[in-house]
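# Working through the structure, step by step
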Amino acid sequence: MAKGLTAGELRLEDEDTLVQKLKEAKEELFNLRFQAATGQLESHGRLRAVRREIARIYTVMRERELGIITVEKETSDG
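To start, this report covers the structure provided alongside it. (Residues numbered from 1 in each chain as written. Predicted model: local features only at pLDDT ≥ 70, side-chain atom pairs only at ≥ 80, totals over all residues. Heavy atoms only, no water.)

Attention now goes to helix 3 (residues 44-66). In this model, helix 3 (23 residues) spans 34 Å end to end at C-alpha, consistent with the 33 Å of a helix rising 1.5 Å per residue. Every buried residue of helix 3 is listed here: R46, L47, V50, E53, I54, I57, V60, M61, E63 and R64. Turning to helix 3, the residues buried within the fold contact helix 1 (7-11) and helix 2 (15-37). Once helix 3 finishes, G67 follows within two positions and takes phi at roughly 80 degrees, a positive value. (Helix = DSSP H or I, 4+ residues; strand = E, 2+ residues; numbered from the N terminus. Expected span 1.5 Å × (residues − 1). Buried < 20%, exposed > 50% of the residue type's maximum accessible area, 1.4 Å probe, protein only. Contact = heavy atoms within 4.5 Å.)

Interaxial distance between helix 2 and helix 3 falls to 9 Å at its minimum, and their mutual angle equals 155 degrees. Taken together, the axes of helix 2 and helix 3 are roughly antiparallel relative to one another. Every pair of crossing elements has a handedness; the one defined by helix 2 and helix 3 is left-handed. On the side of helix 2, the interface is formed by E15, L18, V19, K21, L22, A25, K26, E28, L29, L32, R33 and A36, while helix 3 contributes R46, L47, V50, R51, I54, I57, Y58, V60, M61 and R64. Residue classes in the contact of helix 2 with helix 3 are distributed as 14 nonpolar, no polar and eight charged. (Axes fitted to C-alpha atoms, helices over the stretch in contact; angles between N-to-C directions. Parallel < 35°, antiparallel > 145°, perpendicular 65-115°, else oblique. Left-handed = near helix turned anticlockwise from the far one by under 90°. Nonpolar A, V, L, I, M, F, W, Y, C, P; charged D, E, K, R; others polar.)

Another point: the packing of aromatic side chains. What the rule picks out here adds up to one aromatic pair. Taking 6.4 Å as the distance between ring centres and 35 degrees as the angle between the ring planes, the aromatic pair formed by F30 and F34 counts as tilted. Within this pair, F30 and its partner F34 are both found in helix 2, separated by four residues, close to a single helical turn. By the burial criterion, F30 is exposed, and F34 matches it. (Phe/Tyr/Trp six-rings, centres within 6.5 Å; stacked < 30°, edge-to-face > 60°.)

Structure below.
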């Protein structure tokens with residue numbers, strides 16, 4: 001998963017991509033928690049960063065659901 005996703009970057013993604021990124025982030029969070037529990041985790045800051053990425057993805061998905069923002073399609077002149 002890409003590191004350091006911003007809400008602006010996520011708003012440009014389509015719904016399927018958001019769902020995929022959410023799935024990847026949740027898997028990474030599971031693995032990080034497992035490493036923390038077994039004492040193998042080296043970067044505890046990454047736990048916080050992944051939780052925040054998950055929250056950003058959920059926020060963008062909820063904004064779309066409520067109609068606060070819409071997906072802007074890029075148009076190409078061609």
